[in-house]
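Observations on chain architecture
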Amino acid sequence: MPSSTAHVATARPARYVKQLVSHMGHKATTEISGDGRGVITLSRGRCVLAPSGGGLEMIATAGDTEALAGVQDVVTRHLLRFATQEDLKVEWTAPADAEEMRIIDPVVGDYLLTQCTPADEVLQELAVKTREATGDAAEMQVSHDEGALLTMLVRMVGARRAIEVGVFTGYSSICIARGLAADGRLLACDVSDEWTSIAREHWQRAGVADRIDLKIGPAIERLRALPAEPELDFAFIDADKISYPAYYEEIVQRLRPGGLVVLDNVFLGGRVLDPAYQEEHHVAMRRLNDAIVADDRVESVMLPVRDGVTIARRR
Ligand SMILES: C[S@@+](CC[C@H](N)C(=O)[O-])C[C@H]1O[C@@H](n2cnc3c(N)ncnc32)[C@H](O)[C@@H]1O
């Protein structure tokens, strides 16, 4: 689906969002979301308007480039009509296909896989087994470079108590468990008996089964049942995206000072960068990313590792 953006320099972005949403609401479906973004849905496409960085960010999407041009035209004409007191410049980017947004060039991605400690036989076999047994769902597995990052982070904080939300077939669990201190434990949460049966088998083979407690059931219930004390050293969140804010909140209050929470897929394939995507999980992830930056309890960094990884360290 092609999209195009325009950044319009203005001191009155919020006012224009309100005026456009209100005026165009007579002929189109319009709304203002809780965070001040305006969404105008026309028969041929839609436009999201967001006050941002000294101006107004507009993102138009439509089924094809002709329809996209129509959306751009109608929004631009209405905006210029309201801008009686300033001379706005509206320049749209060339149509791009957001579905094809590449965060990392595949050539670089492949190179990164070769430039970290190599996967051992168990991890290699688990990757193959996962592909055979789960088909397309195998895409959910962390890549080897991300797994190596997890092992390193767990080791660097000297973690003894770790939690994983989202086990799947157990690749990231092995990477976390291998970084733990000798007496360390990993509480691994997932809802699937089927996928985690593959995990159990490979934990045995990797020699880490005795340090992993697998709990089957909704992870949020398991997290809420944990003691309220800040005794966690490390947590990895990689499950249902809508629940990320709840997982983060339950975990961050239980992290000891210096403890880490790592979140996977914070880019959502690039959709988190594009306000045109407004499904529940897009909005939840976008808000959480912003909330972590503003969260005084942690210092954080977001890395372009695969689909985006945030590392937040409890102060
Ligand atoms: C992206 S996969 C995890 C991949 C895993 N970290 C790996 O490296 O192989 C997401 C997992 O979250 C699990 N999941 C989904 N909803 C859940 C929930 N509410 N509670 C616990 N686990 C959940 C799914 O069953 C799935 O195995």
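Residues numbered from 1 in each chain as written. Predicted model: local features only at pLDDT ≥ 70, side-chain atom pairs only at ≥ 80, totals over all residues.

A closer look at the sheet that holds strand E11 (residues 255-264)
- Strands sit in the order E9-E8-E7-E10-E11-E13-E12 across an open sheet of seven strands; the sheet is mixed. Two strands close off the open sheet at either side, each with one partner strand: strand E9 (212-216) and strand E12 (298-303). Strand-to-strand twist across the sheet, computed as the mean angle between neighbouring axes with direction ignored, equals 15°.
- With four bridges connecting them, strand E7 (residues 161-165) and strand E10 (residues 232-237) associate as parallel partners. What sits directly across from Ile163, in E10, is Ala235.
- Most of the contacts of helix H9 (residues 244-252) go to E11, to which it runs at about 165°, and overall it touches E7, E10, E11, E12 and strand E13 (309-314). (Pairing = 2+ DSSP bridges. Helix = DSSP H or I, 4+ residues; strand = E, 2+ residues; numbered from the N terminus. Axes fitted to C-alpha atoms, helices over the stretch in contact; angles between N-to-C directions. Contact = placed C-beta atoms within 7 Å.)

Comments concerning the packing of helix H4 (residues 121-134) against helix H7 (residues 193-206)
- Their axes nearest at 11 Å, the elements H4 and H7 cross at an angle of 165°. The orientation of H4 relative to H7 falls into the category roughly antiparallel. Both H4 and H7 take part in a crossing whose hand is right-handed. The residues of H7 that touch H4, namely those facing Val122, Leu126, Lys129, Thr130, Ala133 and Thr134, are Trp195, Ile198, His202, Arg205 and Ala206.
- Residue classes in the contact of H4 with H7 are distributed as six nonpolar, three polar and two charged. (Parallel < 35°, antiparallel > 145°, perpendicular 65-115°, else oblique. Left-handed = near helix turned anticlockwise from the far one by under 90°. Nonpolar A, V, L, I, M, F, W, Y, C, P; charged D, E, K, R; others polar.)

Observations regarding the nonpolar core
- Core analysis: the biggest nonpolar cluster contains 58 residues, and Ala162, Ala235, Ile237, Ile251 and Val261 have the highest contact counts within it.
- For Ile237, the contacting residues outside a window of four places in its chain are Val165, Gly166, Tyr244, Tyr247, Tyr248, Val261, Leu263 and Asp264.
- Grouped together as the second largest cluster of nonpolar side chains are 22 residues, Met58, Ile59, Ala60 and Val71 included. (Core = buried A, V, L, I, M, F, W, Y, C linked by C-beta atoms within 7 Å. Buried ≥ 20, exposed ≤ 12 C-beta atoms within 10 Å, placed from the backbone.)

Here we look at the domain arrangement of the protein chain
- Under the domain assignment used here, the protein chain contains domain 1 (2-99) and domain 2 (106-314).
- Centre-to-centre, using C-alpha coordinates, domain 1 lies 37 Å away from domain 2.
- The interface is formed by eight residues belonging to domain 1 together with five residues belonging to domain 2.
- Looking at the side of domain 1 that touches domain 2, the elements with two or more residues in it are strand E4 (45-52) and strand E5 (55-62).
- Its residues placed into classes, the side of domain 1 that touches domain 2 shows five nonpolar, two polar and one charged. (Domains from an automatic or database assignment.)

Examining the site of the ligand
- Near the ligand you find 20 residues, and of these Met140, Gly166, Phe168, Ser172 and Ala239 are the closest.
- Elements supplying a minimum of two residues to the shell around the ligand: helix H6 (171-179) and strand E8 (185-190).
- In terms of residue class, the shell around the ligand is built from 11 nonpolar, six polar and three charged. (Near = placed C-beta within 6 Å.)

Points about the pairing of E9
- Pairing of E8 with E9 involves five bridges; the strand directions are parallel. If you follow Ala188 over to E9, its bridge partner there is Leu214.
- Taken together, E8, H7 and E9 form a β-α-β motif whose crossover is right-handed. (Right-handed = clockwise from strand over helix to strand, strands pointing away.)

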